[in-house]
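Report on the structure
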Amino acid sequence: MKRTAVEVNFDGIVGPTHNYGGLSYGNIASIRHGSTVSNPRAALFQGLEKMKLLADLGVPQAVLPPHERPDIESLRRLGFRGNDSRIIAEVHKKAPFLLARCYSSSAMWAANAATVSPSADTADTRVHFTPANLITQFHRCIEPAFTGILLKTIFSDNTAFAHHEPVPACIPFSDEGAANHTRLCNSYGHAGIELFAYGRRASDQSEQGPSTYPARHSLEASQAIARLHQLDPQTKVFARQNPDAIDAGVFHNDVISVGNENVFFYHSLAFDRCPSLMDELSRKFSRLCRDELVLIEVGAQEVPIEDAVESYLFNSQLVTLPDNTMCLIAPVECRENPRTSAVLERVLSQENPIQKVLYVDVRQSMKNGGGPACLRLRVVLTPEERSLTHDGVFFTDRLYEELRAWGARYYRDHLDVDELSDPSLPDESRAALDALTRILKIGSLYRFQTAGA
Ligand code: SUG
């Protein structure tokens, strides 16, 4: 029994070309802020402040480096030729819609990077990783290959870690990763219930889906991942997202529910047949965990779904503190919205493990539809697994200072989508990433570092 396991939040470091391309149909904030001016340096610093807050609270924290952008390789696959500056100039002239896409820093939303099952849940007692294929949008479907490289580099020991290929990159298996995956347990190192949320079922097209926005995640992708991860059938639950919620802007389930250990905090309209799902979760949880699941429901009268989407209430991180109480790390927007701040007061006043709410300003990310929970991938590790993980990515005061100095040196404080054709931007971005690999002591990670080697 692996009692002393901890959950580590691996936060995506915001990339140097963070911009507002207006790329994500169905993600209301992304569309609303399309073509506004971003501040990559502020975005990086906001992410670092969130990580520092968690680390200072005693919550294990680590980082995932950004992906190389612009993604010149994808542009070559699309037929552009020549050196990098020629390719960028051609794209700007002939297919300008591709510029923001190949420059997107969307890998910062690490909750979409992969689905991860801890060793306590898997038949071979290894930690299993499957990078998400993210096929719904071009700017995200270019992420999985590098995500796989990154995870294999950080978690390289194959006696402790199992890495799978993304599930096939096609609509029936569309996968958005841990944003649609919640683990419930009574202690991280014990077996838990893995809840997979999906928007679409490829094998039953008669089911009425959302009418306006895409359902990004399929049941069949989650079923495949549960098989790959060798999960016990008794411990997995598949739940359909409410199609009306998707139409209201809930493009990922982590926009409308969050769970941690024995607590599940959710909106009453999050799922199709929500009451029977809660019964199933409670039943399976008490059977497996010999404990009671604490369900904290927020009704539509208390917080209309539009307010939940606007404030990202449920995209708060729910974390366990060293004293075993829980804390919600909520976006500042929740304090500004009278309905969500009232709900948080209610949650704090009631008997449940959540004893504290702390607010973080991640507005640069929020403008693209990414709140605190989107920015992190949760990985439960036993002490032994932790010792086998690349040490350079773990967050310390020193790493915090180094990353701040790095950002101050390499990041712009202003980036307009029109500036993405700037011929100096690719080199600038690579110089930043090159320096970062040295800070993280992670070796040559990027294609530009290994090409021709
Ligand atoms: O996939 N936004 C991301 C936000 C992802 C949020 N993640 C979670 N909920 N876990 C998306 O929609 C916007 C990019 C732009 O418009 O430039 C974007 O990709």
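Above: the structure in question.
Residues numbered from 1 in each chain as written. Predicted model: local features only at pLDDT ≥ 70, side-chain atom pairs only at ≥ 80, totals over all residues. Heavy atoms only, no water.

Right, let's talk about helix H17 (residues 425-439) for a bit. The terminal C-alpha atoms of H17, which comprises 15 residues, lie 21 Å apart, in line with the 21 Å expected from a rise of 1.5 Å per residue. Listing the buried residues of H17 in full gives Leu-425, Pro-426, Ser-429, Arg-430, Ala-432, Leu-433, Ala-435, Leu-436, Thr-437 and Ile-439. Summarising the contacts, the buried residues of H17 are in contact with helix H3 (72-77), helix H4 (84-94), helix H5 (97-103), helix H16 (397-410) and helix H18 (447-450). Immediately downstream of H17, the backbone of Lys-441 shows phi near 50°, a positive value. (Helix = DSSP H or I, 4+ residues; strand = E, 2+ residues; numbered from the N terminus. Expected span 1.5 Å × (residues − 1). Buried < 20%, exposed > 50% of the residue type's maximum accessible area, 1.4 Å probe, protein only. Contact = heavy atoms within 4.5 Å.)

This part is about the pattern of salt bridges. Where charged atoms from two side chains of opposite charge approach closely, those side chains can pair. A full pass over the atoms with the stated rule returns 29 salt bridges. Residue Lys-52 is joined to Asp-56 by a salt bridge in which the shortest nitrogen-to-oxygen separation is 3.0 Å. Of the two residues, Lys-52 and Asp-56 are both situated in helix H2 (residues 40-57); the distance of 4 residues between them amounts to about one turn of the helix. Under the relative-accessibility criterion, Lys-52 is labelled buried at 19%. The closest approach of N and O atoms between Arg-346 and Glu-302, which form a salt bridge, is 2.6 Å. Separated by 44 residues along the polypeptide, Arg-346 in helix H13 (residues 338-349) and Glu-302 in the loop between strand E11 (294-298) and helix H11 (305-311) bring together distant segments of the chain. A cluster of three or more residues bridged by salt bridges with shared partners is formed by Glu-68, Glu-73, Arg-76, Asp-84 and Arg-430. (Salt bridge = Lys/Arg side-chain N within 4 Å of Asp/Glu carboxyl O.)

Moving on, we get to the site of the ligand. Surveying the vicinity of the ligand reveals 21 residues, the closest of which are Leu-23, Ser-24, Ser-30, His-139 and Asp-254. Gly-21 places a main-chain nitrogen or oxygen 2.9 Å from an oxygen atom of the ligand. At a separation of 3.0 Å, a nitrogen atom of the ligand approaches a polar backbone atom of Asn-368. Here the shell around the ligand is composed, by residue class, of 7 nonpolar, 11 polar and 3 charged. (Near = heavy atom within 4 Å. Polar contact = N/O pair within 3.5 Å; in protein donor to acceptor, adjacent residues only side chain to side chain. Nonpolar A, V, L, I, M, F, W, Y, C, P; charged D, E, K, R; others polar.)

On to the nonpolar core. Residues Phe-265, Phe-271 and Leu-281 are the most contacted members of the largest nonpolar core, which totals 53 residues. Excluding residues that lie within four positions of it along the chain, Phe-265 makes contacts with Ser-257, Val-258, Ile-296, Val-298, Leu-313, Phe-314, Leu-328, Val-343 and Val-347. (Core = buried A, V, L, I, M, F, W, Y, C linked by side-chain atoms within 4.5 Å.)

Below, the discussion takes up the packing of H2 against H16. Between H2 and H16, whose axes approach to 10 Å, the crossing angle comes to 175°. Looking at the two axes, H2 sits roughly antiparallel to H16. Contacts between H2 and H16 involve Arg-41, Leu-44, Phe-45, Leu-48, Glu-49, Lys-52 and Asp-56 on the former and, on the latter, Asp-397, Tyr-400, Leu-403, Arg-404, Trp-406, Gly-407 and Ala-408. For the contact of H2 with H16, a count of residues per class yields 7 nonpolar, 1 polar and 6 charged. (Axes fitted to C-alpha atoms, helices over the stretch in contact; angles between N-to-C directions. Parallel < 35°, antiparallel > 145°, perpendicular 65-115°, else oblique.)

Here we come to the side chain of Arg-140. Position of Arg-140 among the secondary structure elements: in helix H6 (residues 138-141). A distance of 2.9 Å separates the side chain of Arg-140 from the side chain of Asn-112, its partner in a polar contact. In contact with Arg-140, not counting residues within four places along its chain, are Ser-106, Ala-107, Trp-109, Asn-112 and Leu-134.

This brings us to the side chain of His-181. Mapped onto the secondary structure, His-181 falls in strand E6 (residues 181-184). Within the structure, the side chain of His-181 is placed 2.7 Å from the side chain of Glu-194, a separation counted as a polar contact. Sequence-distant contacts of His-181, that is, excluding residues within four places in its chain, are made with Thr-115, Val-116, Glu-194, Leu-195 and Phe-196.

Judged by pairing direction, the sheet is mixed, and its 3 strands sit side by side in the order E2-E1-E15 without closing on themselves. Taken across any chain shown, the strands that pair with only one partner, and hence form the sheet edges, are strand E2 (61-64) and strand E15 (376-381). Adjacent strand axes in the sheet meet at a mean angle of 30°, parallel and antiparallel pairs treated alike. Pairing between strand E1 (residues 6-12) and E15: 6 bridges, direction antiparallel. Looking across to E15, one finds that Glu-7 is bridged to Val-380. Strand contacts of H2: E1, E2 and E15, with the helix running at about 155° to E2, the strand carrying the most contacts. (Pairing = 2+ DSSP bridges.)

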